[in-house]
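# Structural description and commentary
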Amino acid sequence: MNATIEAALWGFVSGAALLLGALVGYGVRVPRWCIASIMAFGAGVLMSAVSFELMAESYDQGGLAPAAIGAAAGAAAYTAGNALLSRRGARHRKRSGPGQPSEDQVAGSGTALALGALLDGVPESAVIGVSLLDGGAVSMVTVAAVFISNLPEGLSSSAGMRRAGRGKRYVFGVWGAIAAASTVSAVLGYTVVGGFPDSVIAAVTAVAAGAILAMITDTMIPEAVEKAHLAIGLVLVSGFLVSFALSQA
């Protein structure tokens, strides 16, 4: 299979998990403690993938400096974008509860929510395409981690959108657009980054890793602990271990 087509395929698969989660979150009233548990599991999966796949690969390819500088730059860029969108109503975009504002409460919050979802999804998808540069085969651990984490993201955020009074057309339009953007991001991660030197590829991988880690902290963990129960830490560690086992298989 052509590598560009393969990148597009796996990018779409990871993005489609958002649509699947949105379908459940909008159509089924899932208990918030259950959503929080699923979000914690997804956060653990991504944490492990960032540690044992992305950062480890960046370090092996470019050394400590590109890995550290790239991760810090990615976290800073994500934090700046998230802060801007949060002031426009997208702060609680992954919350399943009443935290998301309606359009009447905060004008333009619908657009901010959509841009926030895009900000969250692009780094995850880009690293899928970048992973194809290492030996010509996609990292199935990265794909699995992004897919598993996207399910609770779509589920929780869509439940919150429904509570805020947003209709089906908006909800599924947003996640359909993000799924398409995930496909494009994976292709760009392969085609654009592939022409760079190894040190630059290592830095780009680390940038995505830093952005993902900041996203986990800013948006996923708050939802997980909002309705925390005594086992929430165990659930997160379970996700971490599942991803770790996949990376070692």
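Residues numbered from 1 in each chain as written. Predicted model: local features only at pLDDT ≥ 70, side-chain atom pairs only at ≥ 80, totals over all residues. Heavy atoms only, no water.

Under an unreviewed UniProt entry, the name given to the protein is ZIP family zinc transporter, and the source organism is Actinomadura algeriensis.

Quick look at helix α5 (residues 140–163) now. The terminal C-alpha atoms of α5 lie 35 Å apart, and with 24 residues this matches the ideal 34 Å at 1.5 Å per residue to within 8%. Burial within α5 is extensive, with 18 of its 24 residues counted as buried. Phi turns positive one or two residues past the end of α5, at glycine 165, with a value near 90 degrees. (Helix = DSSP H or I, 4+ residues; strand = E, 2+ residues; numbered from the N terminus. Expected span 1.5 Å × (residues − 1). Buried < 20%, exposed > 50% of the residue type's maximum accessible area, 1.4 Å probe, protein only.)

Mapped onto the present numbering, the UniProt feature "transmembrane region" (unreviewed entry) falls at residues 7–26, 33–52, 64–85, 170–193, 199–216 and 228–246. The span residues 33–52 is 100% helical and 0% strand by assignment, and the distance between its end C-alpha atoms comes to 29 Å. Helix makes up 100% of residues 199–216 and strand 0%. Its end C-alpha atoms lie 26 Å apart. (UniProt positions renumbered as here; feature names shortened; annotations may be inferred.)

Our focus in this paragraph is the packing of helix α2 (residues 32–62) against α5. Look at α2 against α5: their axes get within 9 Å of each other, and the N-to-C directions meet at 150 degrees. Between α2 and α5, the crossing angle belongs to the class labelled roughly antiparallel. Considering only the axes of α2 and α5, their crossing is left-handed. Counting all contacts with α2, which are made through Arg32, Ile35, Ile38, Met39, Phe41, Gly42, Val45, Leu46, Ala49, Glu53 and Leu54, the residues of α5 involved are Val141, Thr142, Ala145, Val146, Ile148, Ser149, Pro152, Glu153, Leu155, Ser156, Ala159 and Arg163. Of the residues in the contact of α2 with α5, the class split is 15 nonpolar, four polar and four charged. (Axes fitted to C-alpha atoms, helices over the stretch in contact; angles between N-to-C directions. Parallel < 35°, antiparallel > 145°, perpendicular 65-115°, else oblique. Left-handed = near helix turned anticlockwise from the far one by under 90°. Contact = heavy atoms within 4.5 Å. Nonpolar A, V, L, I, M, F, W, Y, C, P; charged D, E, K, R; others polar.)

Okay, the nonpolar core next. Considering soluble globular proteins, one finds that nonpolar side chains tend to be buried as a cluster. Counting residues in each nonpolar core, the largest one holds 22 residues, and the members touching the most others are Leu46, Leu54, Ile212, Ile216 and Met220. Of all the secondary structure elements, the ones that give two or more residues to this core are α2, α7 (198–226) and α8 (232–248). When residues in this core are grouped by element, the largest group, nine residues, is from α7. Among the nonpolar cores identified, the runner-up in size contains nine residues, and Leu18, Ala22, Tyr26 and Met161 belong to it. (Core = buried A, V, L, I, M, F, W, Y, C linked by side-chain atoms within 4.5 Å.)

Right, let's talk about the packing of aromatic side chains for a bit. Counting across every chain of the model gives three aromatic pairs. The interplanar angle of 65 degrees and the centroid separation of 5.9 Å between the aromatic rings of tyrosine 26 and phenylalanine 172 together place this pair among those described as edge-to-face. Taken as a pair, tyrosine 26 in helix α1 (residues 3–27) and phenylalanine 172 in helix α6 (residues 168–191) lie far apart in primary sequence, 146 residues in all. According to the relative accessible area criterion, tyrosine 26 is buried, its value standing at 15%. Assessed through its relative accessible area of 24%, phenylalanine 172 is described here as partly exposed. Members of the aromatic cluster, connected to one another through ring pairs, are Phe52, Phe240 and Phe244. Here the guanidinium or amino end of arginine 166 rests over the ring plane of tyrosine 170, the centre of that ring lying 5.4 Å away. (Phe/Tyr/Trp six-rings, centres within 6.5 Å; stacked < 30°, edge-to-face > 60°. Lys NZ or Arg CZ within 6 Å of the ring centre and 35° of its normal.)

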